[in-house]
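# Coordinate inspection notes
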Amino acid sequence: MLSANLIGYLSADAKETEKGYSFSVAHNYHRKGDKETLWVNCYVNFKTGVGPYLKSGTPVYLQGDLNVSLYTPGEGRSPVIQCKMDVCRIQLLPSAKRSEQDSSDQEPF
């Protein structure tokens, strides 16, 4: 089992399940000068108050157990890395989009 920390953006709104939330996070990085994206399928197996805020594009910091495997999408296609994380800690990070919304909600002096 691998323990990992991950910073990334939610690719879509989180889906509420019977016991928690599931969502995908995109983590962008550079490899040999090319921009790459690693997709991580995440699951929070407990109800938390942060659930309603897990919206598409939200930056998050996650800690949890990471499972990495290879997935072949079809005959003759190259294998793809598949990452899954059982999240034990989640933190919403500030974003320019949220900061603009927060400042527009404030009343002028």
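## Considerations on the environment of V40
Structurally, the position occupied by V40 is in strand β4 (residues 34-44). Each C-alpha atom of the pair V40 and G8 lies 9.2 Å from the other, and the pair is 32 residues apart in sequence. Excluding its chain neighbours within four sequence positions, the residues that come into contact with V40 are L6, F23, S24, V25, L66, C83, K84 and M85.

## Details of the pairing of strand β5 (residues 59-71)
Direction of pairing for strand β1 (residues 2-10) relative to β5: antiparallel, over a ladder of eight bridges. When the sheet's bridge partners are listed, I7 is paired in β5 with Y61. For β5 and strand β6 (residues 80-92), the ladder comprises 12 bridges, and the chain directions are antiparallel. Each residue of the ladder has a partner; that of L66, found in β6, is M85.

## Focus: the pairing of β1
Sheet topology places β1 next to strand β3 (residues 21-31); two bridges connect them, and they run antiparallel. Residue Y9 lies in a different strand from β3, and its bridge partner there is A26.

## Overview of the nonpolar core
Among the nonpolar cores identified, the biggest contains 16 residues, and F23, V25, C42, L62, M85 and V87 are the most heavily contacted of them. Taken together, the elements giving at least two residues each to this core come down to β1, β3, β4, β5 and β6. Counting residues per element, this core draws most heavily on β6, which supplies four residues.

## Here's the deal with the side chain of T58
In this structure, T58 sits in the loop between β4 and β5. T58 gets classed as buried once you look at its relative accessible area, which sits at 8%. Only 2.8 Å separates the side chain of T58 from the backbone oxygen of K55, close enough to count as a polar contact.

What counts and how
- Sequence order as written defines residue numbering, which begins from 1 separately in each chain.
- Residues qualify for local features only when their pLDDT is at least 70, as the model is predicted, and side-chain atom pairs are given and counted only at 80 or more; totals for whole chains, interfaces and linings, by contrast, use all residues.
- Working from all heavy atoms in the structure, the side-chain values ignore hydrogens and water.
- Per the convention used, a helix needs a DSSP run of H or I reaching at least four residues, while a strand needs a run of E reaching at least two, with both numbered from the N terminus.
- Every residue pair with non-hydrogen atoms within 4.5 Å of one another is taken to be in contact.
- Strands are labelled as partners when DSSP assigns at least two bridges between them.
- In these notes, a set of buried Ala, Val, Leu, Ile, Met, Phe, Trp, Tyr and Cys residues joined through side-chain atoms within 4.5 Å is what counts as a nonpolar core.
- Only protein chains enter the area calculation, which uses a 1.4 Å probe; residues under 20% of their type maximum are buried, those over 50% are exposed, and those in between are partly exposed.
- In the analysis that follows, any N or O atom pair within 3.5 Å is treated as a polar contact, provided that within protein one partner can donate a hydrogen and the other can accept it, and provided that, for residues neighboring in sequence, both atoms belong to side chains.

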